[in-house]
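Architecture and fold: a report
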Amino acid sequence: MPLPPGPPLPATLQTLLWVTRPLQFMEECRRRYGDVFTVRFTGLATRRDIVFIADPEGVRTVFSGDPSTLHAGSGNAPLEVLLGRNSVLVLDGAEHMRQRKLLLPPLHGERMKRYESVMRDATLAQVQRWPRHRSFALLPEMQRITLEVILRTVFGFDDDDARRDRMRNLLQRMLHYGSGRLRLLAIAFARVELNGRSPWGQFQAAKRDVDAAILEQIAHRRAQQTEQRDDVLSLLLEARDENGAPMSDEELRDELLTLLVAGHETTATSLAWAFDLLLHNRTSLDALVADIDAGNDTWVDATVKETLRIRPVVPIVVRLLQRPFTVMGRDLPAGAVVAPCIYLTHRRADVYPRPERFMPERFVNGAADPYAWLPFGGGVRRCLGASFASFEMRVVLRSILSTVRLQAATSSEEEVSRRAVTLVPRHGTRVICAGPRWRRSASVPEPAAVAV
Ligand code: HEM
């Protein structure tokens, strides 16, 4: 079965272009071959043909297709060393659905309101430490906020500072091995322990410490009454599957780590992008701040949606075909990979006029079409943290913009750069904090919510 056409370049060159110039590579492929095209990637031992889909109708076909034909977990297999074999990300079929159904209720949109004060406090605590009148990178600041929020709301470390500090240090040590291309390569391909001296050995030691600390937290919560508690771990301890069975400690551990890894950097990066776009688009920033001051949610919601449209942190999602599958009139064989392309679908001029422009007003009165706005993927693999992330982005934006005056430290928007599978601002969104914001309420000038 021939695959749709694509670049005739050697697979190694296509892989290099995908890694170093992903946006230009995708755009050039679409210009030449249309909304469905095949690229060839190669790893050290593998070669993969990936069929990109950049058309909402094709995206719908994939997202509503039979999950037993369209596997996602097997594509995430390399993550198993980090997340464990029970992670919802690496599973497929019935095992995946079991984990997903257990995880869904604690992350449901309705519940998010309960996390608002934690999110706001974590943000304001960080803002108070920012230097004045001197440029700094916002991305690491956003990472500190999102990590703190997950430690408190997901892991339930909200009542003991020392234990939370210890967990944070252990996680940061382990996640350090996932950043940086050389370390990542060393871990992926050179699995020798060398008594804990090799990158792989050090990663293994860090992972063992994290695992032990999470299991300790699970035991700690099990020993307490969890009924009155709101954190995700406490809710998962109460969860039962269709047969009435609870989650094992190992399942809980792997899923907590999965929520952290899937949720912490993605949300932080999206926030850094939101500020980069706002601080370089004065009209959008002014409209947003005025709406926040008026106590509304409309513009902050639209800003989050538009940020995720124009700067999706994950450019594609992938499904590995277990049997032949037809999409947009193309018959694809088992073994091929189909990839709804988030980046290109979001750049369609027929859906989003002037797609290259940051215009939150697109979403002020219009709902997002799930097959043309897909920053969280879709179907039975749609991001479990979509409500959590969108809510957190709204709270962080609102808290910061009503407290301090931020300015861009650069004259133009950031370049998009790749970090592992995500697309990040190359210099981490450099900003300057010009001090607290003073707001006019009625006739009396009033300082913003906290003193900074
Ligand atoms: C702006 C922030 C985020 C973005 C852009 C994002 C994006 C994504 C994407 C594209 C997928 C794959 C979907 C697919 O294959 O169709 C995914 C999966 C997932 N995400 Fe997120 N995510 C974000 C935040 C979060 C947060 C905060 C959490 C947890 C609290 C989370 C948990 C997960 C999980 C557990 C999955 C696997 C779902 C499954 O395989 O069934 N994500 N996310």
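Described below are features of the structure shown in this document.

With that settled, consider the coordination of the iron atom of the ligand. Counting protein donors around the iron atom of the ligand gives one, Cys383 (SG), at 2.2 Å. Along the polypeptide, Cys383 turns up in the loop between helix H15 (342–346) and helix H16 (386–401).

Once that is clear, we can look at the site of the ligand. Neighbouring the ligand are 25 residues; His96, Arg100, Arg319, Arg381 and Cys383 lie closest to it. Contacts to the ligand include Arg319, whose side-chain N or O atom sits 2.7 Å from an oxygen atom. Gly378 places a polar main-chain atom, nitrogen or oxygen, 3.0 Å from an oxygen atom of the ligand. When contributions to the shell around the ligand are tallied by element, the ones reaching two or more residues are helix H5 (93–103), helix H12 (249–279) and H16. Tallied by class, the residues present in the shell around the ligand amount to 14 nonpolar, eight polar and three charged.

In this structure, Ala336 sits in the loop between strand S7 (330–332) and strand S8 (337–340). Each C-alpha atom of the pair Ala336 and Leu147 lies 36 Å from the other, and the pair is 189 residues apart in sequence. In contact with Ala336, other than residues within four places in its own chain, are Leu3, Asp49, Arg319, Leu320 and Leu321.

Following the criterion strictly, the structure yields ten aromatic pairs and no others. Pairing Trp18 with Phe41 gives two aromatic rings, centres 5.4 Å apart and planes at 25°, and the pair type is stacked. Of this pair, Trp18 sits in helix H1 (residues 11–20) while Phe41 sits in strand S1 (residues 36–42), and the two are 23 residues apart along the sequence. Ring geometry for Trp200 and Phe203: centres 5.8 Å apart, planes at 35°, overall tilted. Taken together, the residues Trp200 and Phe203, both in helix H10 (residues 199–222) and three residues apart, mark about one turn of the helix. The exposure class of Phe203 is buried, given its relative accessible area of 4%. One aromatic cluster is present, built from ring pairs that chain together Trp18, Phe37, Phe41 and Phe52. The ring of Tyr352 carries Arg309 above its face, with NZ or CZ at 5.0 Å from the centroid. Stacked on the ring of Trp18, the Lys or Arg Arg418 has its end atom at 4.8 Å from the ring centre.

Okay, a nonpolar patch on the surface next. A contiguous nonpolar patch, built from Leu9, Leu13 and Leu16 and spanning about 240 Å² of accessible area, is present on the exposed surface. Tracing the backbone shows Leu9 in the segment before H1. Residue Leu9 is classed as partly exposed on the basis of its relative accessible area, which comes to 33%.

Attention shifts here to the environment of Ala434. Among the secondary structure elements, Ala434 is positioned in strand S12 (residues 430–436). When the C-alpha positions of Ala434 and Gln202 are compared, they lie 41 Å apart, and in sequence the two are 232 residues distant. Not counting residues within four places of it along the chain, the set of residues in contact with Ala434 comprises His133, Arg405 and Gln407.

Looking now at the nonpolar core. Trp130, Met142, Ile400 and Leu406 are the most contacted members of the largest nonpolar core, which has 87 residues in total. Here this core gets 13 residues from one element, more than from any other, and that element is H12. Ignoring sequence-local partners within four residues, the contact set of Ile400 consists of Thr123, Val127, Trp130, Met142, Phe275 and Leu406. Within the second largest apolar cluster, 19 residues are counted, among which are Cys29, Val39, Cys341 and Tyr343.

Within a sheet, each strand pairs with its neighbour through backbone hydrogen bonds, oriented either parallel or antiparallel. Strand order in the open sheet formed by three strands is S4-S12-S9, with antiparallel pairing between adjacent strands. Looking at which strands have only one partner, the edges of the open sheet turn out to be strand S4 (135–137) and strand S9 (404–408). On average, each strand axis in the sheet is tilted by 45° relative to the strand beside it, whichever way the strands run. Two strands pair when backbone bridges link them, and S9 and S12 are joined in this way by four bridges, in the antiparallel orientation. What sits directly across from Ala408, in S12, is Val431.

Quick notes on the rules
- Counting starts from 1 at the beginning of each chain's written sequence and moves along it residue by residue.
- Confidence filtering applies because this is a predicted model: local features only for residues at pLDDT of at least 70, side-chain atom pairs given and counted only at 80 or more, and all residues used for totals across whole chains, interfaces and linings.
- With hydrogens and water excluded, all non-hydrogen atoms of the structure serve as input to the side-chain values.
- Here the coordinating atoms are restricted to nitrogen, oxygen and sulfur within 2.8 Å of the metal centre, or 3.2 Å for Na, K and Ca, and because water is not among them the sites may look incomplete.
- Helix and strand definitions here come from DSSP, where helices need a minimum of 4 consecutive H or I residues and strands a minimum of 2 consecutive E residues; each element is numbered from the N-terminal end.
- Here a residue is considered near a molecule or strand provided that any single heavy atom belonging to it is located within 4 Å of it.
- As used in this structure description, the phrase polar contact means that two N or O atoms lie within 3.5 Å; if the pair is within protein, one of them must be able to donate a hydrogen and the other to accept it, and residues adjacent in sequence are counted only when both atoms belong to side chains.
- Amino acids are sorted into nonpolar (Ala, Val, Leu, Ile, Met, Phe, Trp, Tyr, Cys and Pro), charged (Asp, Glu, Lys and Arg) and polar (every other residue, Gly among them).
- Contacts are assigned to residue pairs that have any heavy atoms within 4.5 Å of one another.
- Two aromatic rings, drawn from Phe, Tyr or Trp (for Trp, its six-membered ring), form a pair once their centres lie within 6.5 Å of each other, and the interplanar angle then sorts them: stacked below 30 degrees, edge-to-face above 60, tilted otherwise.
- Burial status follows relative accessibility: with a 1.4 Å probe on protein chains alone, a residue under 20% of its type maximum counts as buried, one over 50% as exposed, and anything between as partly exposed.
- Criterion for a charge above a ring: Lys NZ or Arg CZ within 6 Å of the ring centre, and within 35 degrees of the ring normal.
- Only residues above 30% relative accessible area that lack a salt bridge enter a patch, with like-charged residues linked at up to 9 Å and the nonpolar side chains Val, Leu, Ile, Met, Phe, Trp and Tyr linked at up to 5 Å.
- Here, Shrake-Rupley sampling with a 1.4 Å probe gives the accessible areas, and only protein chains in the shown set may cover a residue.
- In the sections that follow, a salt bridge refers to a side-chain nitrogen of Lys or Arg positioned within 4 Å of a carboxyl oxygen of Asp or Glu.
- By nonpolar core we mean a set of buried residues, namely Ala, Val, Leu, Ile, Met, Phe, Trp, Tyr and Cys, connected to one another through side-chain atoms within 4.5 Å.
- Only strands that DSSP links by at least two bridges are regarded as paired with each other.
- Lines fitted to C-alpha atoms define the axes, with helix axes restricted to the stretch in contact, and inter-axis angles between N-to-C directions lie between 0 and 180 degrees.

The values are spatial; any link to function lies outside them.
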